[in-house]
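Structural description and commentary
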Amino acid sequence: MAITTVPRTRREPGRPASSDPAGSRRASLRRKVRDNLTGHAFLLGAVVCFAFFSWYPMIRGVVMSFQRTRRGVTTWVGWDNYDRIIADPSFWTAWKNTFFFTVLALVLGYAVPFFVAILLNEFRHARGYLRILVYLPVMLPPASALFLFKFYAYDPSDAGLFNSILKALHLPTSQWMQSSGMTMPAMVLASTWMNMGGAVLIYLAALQNIPGELYEAAELDGAGIWRRIRNVTIPQTRLILGLLAMLQIVATMQFFIEPLILANGTGAEDSATSVAYLIYQHGFFQNDLNGAAALGVIMLVVLAGFSAVYVRLSTKQD
């Protein structure tokens, strides 16, 4: 008697013998949930840090600006702190100095790194060494760099570095930080030297992304160096220039350590008092935490206004 055998269906390797659609969906759902939980767990640390060290102090500062604390008793006073701060003559002096510092920093500290980056981009040799040399001041602690300027470069005697250079050139020397007219330019010069390394590296990265064909076409048209910068370099780096300009404004309007170290806080005839240093004075010298909070909220509103204008203008340009 012949035995009939039924041929087995061959299954592909790695494929289960029986498929369960419901089980596959459950496994896929569990995998997605596990992946999402892992991602949110990594984000949780950053969210907690921002909540406790950024958002909570900001909200707490706004609340404190409408309160007054005397001998442990806190009362709600509304706009009294703002009225008192605005009526203080040092408030307007601090804002005048802050805007003056910001304008000088835009003229010097914003333009110099850009042209230094253009110059470094033209070098074909020793690029790495020159970049390290430009970035070196950023690696110094700001306090150390400012003390170097205060006691060595800005020494009002003839032994000071800058006065020695001026004397060698047969130019009149300066009192630097002891002179109300030179206090702000001297602080801007020191701040530019300390911080321009990071901006130079960012500009260099942007310059190296510009296609070389654009410069070749400009040279064939007879464009000189300044026309190439105006018609090729600046349009191609417009986004980076705008972003760093906004960051420069926000950073320079909060300058604090420069007047604290170089000018002992206020400088000659209050020529160095900044808004940030005035907040420090109210909070730590006058024990007026509510006034300091009100002044901080005013600065927050001003900086937010600058940021909103920048976002609005950049959106229109795009």
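Rules used throughout
Residues numbered from 1 in each chain as written. Predicted model: local features only at pLDDT ≥ 70, side-chain atom pairs only at ≥ 80, totals over all residues. Heavy atoms only, no water. Helix = DSSP H or I, 4+ residues; strand = E, 2+ residues; numbered from the N terminus. Rg over C-alpha atoms; globule rule 2.2 N^0.38 Å. Buried < 20%, exposed > 50% of the residue type's maximum accessible area, 1.4 Å probe, protein only. Salt bridge = Lys/Arg side-chain N within 4 Å of Asp/Glu carboxyl O. Pairing = 2+ DSSP bridges. Phe/Tyr/Trp six-rings, centres within 6.5 Å; stacked < 30°, edge-to-face > 60°. 1 Å grid on protein atoms, 1.4 Å probe; cavity = no way out; pocket = protein on both sides within 12 Å on 5 of 7 lines; lining within 4 Å. Points joined across faces, edges and corners; volume = space filled by probe spheres on them. Nonpolar A, V, L, I, M, F, W, Y, C, P; charged D, E, K, R; others polar. Patch = residues over 30% accessible without salt bridge, like charges linked within 9 Å, V, L, I, M, F, W, Y side chains within 5 Å. Areas by Shrake-Rupley, 256 points an atom, 1.4 Å probe, with all protein chains shown as cover. Lys, Arg positive; Asp, Glu negative; His and termini not counted. Charge placed at Lys NZ, Arg CZ, Asp CG, Glu CD.

As for the overall build of the protein chain
Across its full length, the protein chain carries 13 helices and 2 strands. For 318 residues, the compact-globule formula gives about 20 Å, and the C-alpha radius of gyration of the protein chain, at 30 Å, lies well above that figure. Dimensions along the principal axes, computed over C-alpha positions, put the protein chain at roughly 125 × 75 × 40 Å. Here the protein chain, with 318 residues, has 34% of them falling under the buried criterion.

Brief notes about the pattern of salt bridges
Pairing is possible between side chains that carry opposite charge, provided their charged atoms lie close to one another. Inspection of every chain in the model, using the stated rule, returns 2 salt bridges. Its salt-bridge partner being Asp288, residue Arg84 comes within 2.7 Å of it at the nearest N-O pair. Placement of Arg84 in helix H2 (residues 80–87) and of Asp288 in the loop between helix H12 (275–285) and helix H13 (289–317) is noted, with a sequence separation of 204 residues between them. On the basis of relative accessibility, which here comes to 32%, the residue Arg84 falls in the partly exposed class. The residue Asp158 makes a salt bridge to Lys167 at a minimum N-O spacing of 3.5 Å. Residue class for Asp158 comes out partly exposed when judged on its relative accessible area of 43%.

Details of the pairing of strand S1 (residues 67–70)
Here S1 pairs with strand S2 (residues 73–76) via 4 bridges, running antiparallel. From the neighbouring strand, Thr69 faces S2, where its bridge partner is Thr74. Between S1 and the antiparallel strand that follows it, S2, lie 2 residues; Arg71 among them carries a positive phi value of about 55 degrees.

A word on the packing of aromatic side chains
Applying the stated criterion across every chain, the model contains 24 aromatic pairs. For the pair Phe66 and Trp79, a centre-to-centre distance of 5.1 Å together with 85 degrees between the ring planes defines the contact as edge-to-face. On the criterion of sequence distance, the pair formed by Phe66 in the loop between helix H1 (21–64) and S1 and Trp79 in the loop between S2 and H2 is long-range, its members being 13 residues apart. Take Phe66: its relative accessible area is 17%, and that puts it in the buried class. Assessed through its relative accessible area of 56%, Trp79 is described here as exposed. Seen in terms of ring centroids, Phe149 and Phe162 are 6.4 Å apart; in terms of plane orientation they differ by 65 degrees. Their pairing is edge-to-face. Taken together, the positions of Phe149 in helix H5 (residues 142–153) and Phe162 in helix H6 (residues 161–168) put the pair 13 residues apart, joining distant regions of the chain. Phe149 sits in the buried class, given a relative accessible area of 8%.

Examining the layout of surface pockets
A volume near 560 Å³ is recorded for the largest pocket. Lining the largest pocket are 21 residues; nearest its centre among them are Ile279, Ala292, Ala293, Gly296 and Val297. Going through the elements one at a time, H1, H12 and H13 are the ones with two or more residues in the lining of the largest pocket. One number sums up the size of the second largest pocket: a volume of about 390 Å³. Every residue lining the second largest pocket is counted, 22 residues in all, and those nearest its centre are Ser191, Asn195, Gln248, Ala251 and Thr252. Among the elements of the structure, helix H3 (89–122), helix H7 (183–208) and helix H10 (238–252) are those that each provide at least two residues to the lining of the second largest pocket. Among the elements that line the lining of the second largest pocket, the one with the most residues is H7, at 9 residues. Classifying every residue of the lining of the second largest pocket gives 14 nonpolar, 7 polar and 1 charged.

Overview of unusual backbone geometry
Phi angles above zero are rare outside glycine, and Asn264 is one such case at about 55 degrees. Within the fold, Asn264 resides in the loop between helix H11 (257–262) and H12. Residue classification places Asn264 among the exposed residues on the basis of a relative accessible area of 59%. Unusually for a residue other than glycine, Glu269 sits at a positive phi of about 55 degrees. As for its position among the elements, Glu269 is in the loop between H11 and H12. By relative accessible area, Glu269 is classed as exposed at 71%.

A few points about a positive patch on the surface
Residues Arg25, Arg26, Arg30, Arg31, Lys32 and Arg34 make up a contiguous surface patch of positive charge. The residue Arg26 is located in helix H1 in this model. A residue is classified by how much of its surface remains accessible, and Arg26, at 46% relative accessible area, is partly exposed.

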